[in-house]
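Structural overview
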Amino acid sequence: MDLPSEDIYFINIPDSLKALKKLCKAIRNNSRINKESQRLSRNLSAHTQVIAFLKFISEIKDNSVDHLHKAAHTFLQDFCEGNTLNQQQLSQDLDFLMV
């Protein structure tokens with residue numbers, strides 16, 4: 001049985017990251033940060049999944065994943081913006097994120 005190309009696994013990832021980013025932004029009030037959505041993302045451990053994904057793609061030495069890096073980092077920024085609890089959660093991976 002032929003396995004699909006690795007590229008197929010990356011098809012929906014940008015859409016998933018965009019959905020996570022939207023979860024942290026309120027639909028109304030010009031994309032103001034939504035604290036309830038940030039809490040929900042934290043409770044779903046979305047940030048740990050995004051960090052695990054970043055660790056995985058950081059080993060790929062190809063410019064084709066640059067847009068995935070950007071989308072993941074944008075989600076993490078929105079996840080942390082103005083939210084001390086989320087900032088504390090992300091601080092555990094600060095060494096990785098600062099590289």
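Before going into details, it helps to say that this report is about the structure given with it.

Definitions and cut-offs
Residues numbered from 1 in each chain as written. Predicted model: local features only at pLDDT ≥ 70, side-chain atom pairs only at ≥ 80, totals over all residues. Heavy atoms only, no water. Helix = DSSP H or I, 4+ residues; strand = E, 2+ residues; numbered from the N terminus. Buried < 20%, exposed > 50% of the residue type's maximum accessible area, 1.4 Å probe, protein only. Contact = heavy atoms within 4.5 Å. Areas by Shrake-Rupley, 256 points an atom, 1.4 Å probe, with all protein chains shown as cover. Expected span 1.5 Å × (residues − 1). Salt bridge = Lys/Arg side-chain N within 4 Å of Asp/Glu carboxyl O. Core = buried A, V, L, I, M, F, W, Y, C linked by side-chain atoms within 4.5 Å. Polar contact = N/O pair within 3.5 Å; in protein donor to acceptor, adjacent residues only side chain to side chain. Axes fitted to C-alpha atoms, helices over the stretch in contact; angles between N-to-C directions. Parallel < 35°, antiparallel > 145°, perpendicular 65-115°, else oblique. Nonpolar A, V, L, I, M, F, W, Y, C, P; charged D, E, K, R; others polar.

A tally of regular secondary structure across the protein chain gives six helices and zero strands. Along the protein chain, from the amino end to the carboxyl end, the secondary structure elements read α-α-α-α-α-α. Here the protein chain, with 99 residues, has 31% of them falling under the buried criterion. Across the protein chain, the fraction of contacts at a sequence separation of at least 24, relative to all contacts at a separation of at least 6, is 65%. With an accessible surface of roughly 7,100 Å², the protein chain has 53% of that area assigned to carbon and sulfur atoms.

A word on helix 4 (residues 66-80). Side chains of residues three or four places apart in an α-helix project in the same direction, reflecting 3.6 residues per turn. Here helix 4 contains 15 residues, and its C-alpha end-to-end distance of 21 Å stays within 8% of the 21 Å for a straight helix at 1.5 Å per residue. For helix 4, the set of buried residues is L68, A71, A72, F75, L76, D78, F79 and C80. Looking at the residues trailing helix 4, positive phi occurs at G82, about 65 degrees.

Here the structure, examined in full by the defined rule, presents two salt bridges. We note a salt bridge from K55 to D93, for which the minimum N-O separation is 3.6 Å. With a gap of 38 residues between them, K55 in helix 3 (residues 46-57) and D93 in the loop between helix 5 (84-91) and helix 6 (94-97) connect regions that are remote in the sequence. Assessed through its relative accessible area of 17%, D93 is described here as buried.

The subject of this paragraph is the nonpolar core. Among the nonpolar cores identified, the biggest contains 17 residues, and L17, V50, F53, L54, L68, F75 and L76 are the most heavily contacted of them. No other element matches helix 4, which puts seven residues into this core.

This next bit is on the side chain of N86. Inspection of the secondary structure assignment puts N86 in helix 5. Among the polar contacts made by the side chain of N86, one reaches the main-chain carbonyl oxygen of F79 at a distance of 2.8 Å. Beyond its immediate chain neighbours, meaning those up to four positions away, N86 contacts Q38, R42, F79 and C80.

Turning to the packing of helix 4 against helix 5, a few remarks are in order. In the contact formed by helix 4 and helix 5, the axes pass within 7 Å of each other and the chain directions differ by 135 degrees. Comparing their axes, helix 5 and helix 4 come out oblique. Of the residues in helix 5, those in contact with L76, F79 and C80 of helix 4 are N86, Q87 and L90. The residue makeup of the contact of helix 4 with helix 5, split by class, is four nonpolar, two polar and no charged.

Turning to the environment of L17, a few remarks are in order. Positionally, L17 belongs in helix 1 (residues 13-24). Relative accessible area serves as the criterion here: at 5%, L17 is assigned to the buried category. Placed 56 residues apart in sequence, L17 and H73 show a C-alpha to C-alpha distance of 9.5 Å. Setting aside residues up to four positions removed in sequence, L17 forms contacts with V50, F53, L68, A71 and A72.

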